[in-house]
Amino acid sequence: MLLLLVSGCDNHVHKERIISMEAFSDMKTPAFILGVSDIHHQLRQMAASDPVKTDADRDVCNYYKKDDSPLLWIDCIGVDERADSLLAWLHRLGEIGMSEQTFGVKAIENDLNIFRTLAFDESKNKASLVAARLEYRLTKACMRYCYGQRFGFVNPHRTFNNLDVERQDTTRNYVKYRGLFDVDIDKPGERYMSFVINKIANDSIADYLGEIQPKDAFYQQLKSMLPQASSSEQRQRIMVNMERSRWRRHQPLDVNNKRIVVNIPAFHLYAYSPEETLDMRVVCGNVNTKTPQLSSNIEWMEANPQWIIPTSIIENEVAHRAGDSAYFARNRYNIIDKSTNQTLDSRQVSRQMLLSGKYRVAQQGGAGNSLGRIVFRFKNSFSVFLHDTSNPGAFQRNARAFSHGCVRVSKPFELARFVLDNPDEWLLDRIRIAMGLTPESDQGIAWVSAHPDQESHNKIIGYIPVKPRVPLYIIYYTLWPDEAGVLQTWPDIYGYDKVIWNQLKTFVE
């Protein structure tokens with residue numbers, strides 16, 4: 001027995017419900033005719049006029065613009081309990097600080113009531129129109145929720161990597177943005193909507209909505225704080241950091257193995273292993289040369305490294321000193337022809353030559369080098385690294401955002417010892433000697449006595465492999481535990497909270 005007068009229904013039928021025969025006394029009127037072709041026509045119109053605010057919205061619009069897209073929620077029986085399962089989760093949006101209105105909950109419930117009580121009319125609530133509205137709104141709400149809770153409501157790669165202009169040419173309409181985010185996180189991909197559609201079609205969407213909830217302990221802690229937020233500012237800060245916790249790393253922060261975490265707003269490094277923990281103050285990039293958020297692995301160290309000065313620093317700080325031999329000598333800068341690898345006389349090098357890209361400027365390793373006495377190398381797209389510094393007094397400041405993007409560490413030897421796997425005392429002493437520290441082993445003390453010249457000390461060790469590699473995460477959380485494990489509020493030094501909130505509030509207001 002058909003429960004509605006349906007034209008062309010060939011969708012999968014879900015659990016049948018009993019509706020009394022009295023409900024069908026007026027079904028011969030046009031308002032009760034439920035035509036699949038009419039529903040598709042209405043859906044195409046909705047998709048064409050609906051504003052796209054998120055990736056989920058875009059995918060939903062594209063899906064319903066097609067003529068042959070199967071209906072997901074409407075079938076010959078009507079609308080089954082899958083819609084109720086979705087609504088149950090949407091009614092909990094307040095727990096994560098979001099508004100039911102931004103997911104169209106009230107409109108869905110109103111149309112669901114009309115559809116289930118057959119309260120159709122000849123104007124705005126014809127059966128096909130109500131069915132189309134339900135189909136579209138349920139799918140849009142479901143996709144918004146799934147995309148957001150599973151991958152984040154804000155796309156950090158798109159957001160942060162299109163934030164700071166590095167170069168632009170207005171005449172050629174050319175803009176290059178500075179990279180600021182390269183964390184290996186889960187992404188929805190092109191097939192994610194099809195994946196969710198399959199969950200809906202196979203009546204497993206209820207289970208999936210539970211599966212996608214963030215399980216991260218820190219996320220749960222922030223979520224529990226939300227009802228007690230004492231101001232709108234605090235509420236926003238909690239929600240912004242909850243959003244960061246939705247960006248799920250392929251290798252999560254709470255793994256049990258050795259790892260290093262740098263939280264930029266805290267200006268602090270935290271090193272964890274099953275045997276010990278280590279923390280230290282750091283210096284990060286200033287507002288114009290921000291330290292990027294990234295995930296990588298520390299693969300090797302280098303004692304007394306040579307500093308190859310980045311092009312941006314040459315352009316902004318070095319090039320105008322061309323010909324000033326005293327400046328280059330004082331800073332121990334060498335100018336090297338890239339094609340011949342020959343060191344040039346600084347007096348013979350012009351500003352134009354330095355800006356040509358054909359020459360590199362390198363600072364000699366050793367005491368006074370801007371990288372300090374040791375650098376920690378890891379693969380990344382930004383040419384940044386962790387390193388020592390020749391200016392240790394900088395760590396006494398509270399606000400420590402004044403590097404060119406690299407992270408300067410206040411306890412470089414302790415960090416070197418941490419990343420090594422069971423180093424022997426002679427290896428540690430060679431690192432100490434290279435860094436200008438006093439050796440502690442008999443072998444190290446004897447070696448220093450036999451080699452009094454500083455040049456030998458600088459060259460006692462250079463490349464130091466780190467095996468196994470140590471995961472490194474450079475993160476940006478304005479709510480994050482301190483070294484004692486106590487949750488603290490940190491300053492939003494780069495203004496990222498506001499950037500995230502401007503997108504997140506789409507789901508709040």
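Thresholds applied
- Residues numbered from 1 in each chain as written.
- Predicted model: local features only at pLDDT ≥ 70, side-chain atom pairs only at ≥ 80, totals over all residues.
- Heavy atoms only, no water.
- Pairing = 2+ DSSP bridges.
- Helix = DSSP H or I, 4+ residues; strand = E, 2+ residues; numbered from the N terminus.
- Axes fitted to C-alpha atoms, helices over the stretch in contact; angles between N-to-C directions.
- Left-handed = near helix turned anticlockwise from the far one by under 90°.
- Contact = heavy atoms within 4.5 Å.
- Nonpolar A, V, L, I, M, F, W, Y, C, P; charged D, E, K, R; others polar.

1. Quick notes on the sheet that holds strand 10 (residues 307–308)
One open sheet holds the four strands; their spatial order is 10-13-11-12, and the pairing between them is antiparallel. Two strands bound the open sheet, and with one partner strand each, they are strand 10 and strand 12 (343–344). Relative to strand 13 (residues 359–363), strand 11 (residues 333–337) is paired through five bridges, and the arrangement is antiparallel. Paired with Asp337 across the bridge in strand 13 is Tyr359.

2. Some points on the packing of helix 2 (residues 55–65) against helix 5 (residues 127–151)
Between helix 2 and helix 5, whose axes approach to 8 Å, the crossing angle comes to 145°. Between helix 2 and helix 5 lies a crossing of right-handed hand. Counting all contacts with helix 2, which are made through Asp55, Ala56, Asp57, Asp59, Val60, Cys61 and Tyr64, the residues of helix 5 involved are Glu135, Tyr136, Thr139, Lys140, Met143, Arg144 and Tyr147. When grouped by side-chain class, the residues that make up the contact of helix 2 with helix 5 number seven nonpolar, one polar and six charged.

3. Some thoughts on unusual backbone geometry
Residues Lys467 and Pro468 are joined by a peptide bond in cis, for which omega reads -5°. For Pro468, the location among the structural elements is in strand 18 (residues 463–475). Positive phi values are uncommon outside glycine, yet Asn304 reaches one of about 45°. Note that Asn304 resides in the loop between strand 9 (293–303) and strand 10.

It is worth stressing that arrangement in space is one thing and function is another; only the former is reported here.
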